[in-house]
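# A closer look at the structure
Spelled out, the chains give:
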Amino acid sequence: MKEGIEKMIREIEEQFTEEILTEAIKRYDINKDTVRSLGGYESFVYEYQKNNAFFILKISHTIRRSRNNIRGELEFLNYLSNTGLAVSNAVPSTWGNMVEEIAAENGSLRFLEILKLE
């Protein structure tokens, strides 16, 4: 099974390009100079600063996560936050979408932004 997981991750990595990161940065109005890679296993995860706050940008591929799966995760985070728990909030893109998507080979890459708790 390990070989299958490694192959899947290679498939995701092979579809990620600098243009995809640039598009994600544009859709969330991020200053590229503040972006720092945090690595990732099934997703590309970045930290950046905007308006004196820290955020996480997560880029996932449809090979692993459906749009509904990501939306459910974000809705759950926001629900917990709205009930007063100290969790990070999901933040919409500058276009007002909770999940952004860009076409890639063999599927799409999906972006989401989360306000990071300090």
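Basis of the calculations
- Residues numbered from 1 in each chain as written.
- Predicted model: local features only at pLDDT ≥ 70, side-chain atom pairs only at ≥ 80, totals over all residues.
- Heavy atoms only, no water.
- pLDDT = per-residue confidence, 0-100.
- Contact = heavy atoms within 4.5 Å.
- Helix = DSSP H or I, 4+ residues; strand = E, 2+ residues; numbered from the N terminus.
- Expected span 1.5 Å × (residues − 1).
- Buried < 20%, exposed > 50% of the residue type's maximum accessible area, 1.4 Å probe, protein only.
- Arc of directions from axis to C-beta.
- Core = buried A, V, L, I, M, F, W, Y, C linked by side-chain atoms within 4.5 Å.
- Polar contact = N/O pair within 3.5 Å; in protein donor to acceptor, adjacent residues only side chain to side chain.

### Some thoughts on the confidence of the model for the chain
Looking at the chain, pLDDT values average 80 and 85% of them are 70 or higher. This stretch, residues 1-8, has a pLDDT under 50; its non-local contacts, to residues over four places away or in other chains, come to four contacts.

### Some remarks on helix H3 (residues 67-82)
Over its 16 residues, H3 extends 22 Å from the first C-alpha to the last, a length consistent with the 22 Å expected when each residue adds 1.5 Å. When we look at burial in H3, the residues that qualify are Ile70, Leu74, Leu77, Leu80 and Ser81. Down the axis of H3, the buried set is contained in an arc of 125°. They therefore lie on one face. Facing away from the buried side of H3, by more than 90 degrees, are the exposed residues Asn68, Glu75, Phe76, Tyr79 and Asn82. Positive phi appears at Gly84, one or two residues downstream of H3, with a value of about 100°.

### Side note on the nonpolar core
One finds Phe16, Leu21, Ile30, Tyr46, Tyr48, Leu57 and Ile59 to be the most contacted residues of the largest nonpolar core, which totals 15 residues. If you look at the next biggest cluster of nonpolar residues, it comprises nine residues, including Val45, Ala90, Val99 and Leu112.

### Comments concerning the side chain of Ser43
Structurally, Ser43 can be placed in strand E2 (residues 43-50). On the basis of relative accessible area, Ser43 is assigned to the buried category, the value being 11%. In terms of polar contacts, Ser43 uses its side chain to reach the side chain of Ser60, at 2.8 Å. Filtering out sequence-adjacent residues up to four positions away, Ser43 remains in contact with Lys58, Ile59 and Ser60.

### Considering unusual backbone geometry
Across the chain, the bulk of peptide bonds are trans and the bulk of non-glycine residues have phi less than zero. Backbone geometry places Asp29, a non-glycine residue, at a positive phi of 50°. Here Asp29 shows up in the loop between helix H2 (18-27) and strand E1 (36-39). Owing to a relative accessible area of 54%, Asp29 belongs among the exposed residues under this scheme. Residues other than glycine seldom take positive phi values, yet Asn52 does so here, at roughly 60°. For Asn52, the location among the structural elements is in the loop between E2 and strand E3 (53-61).

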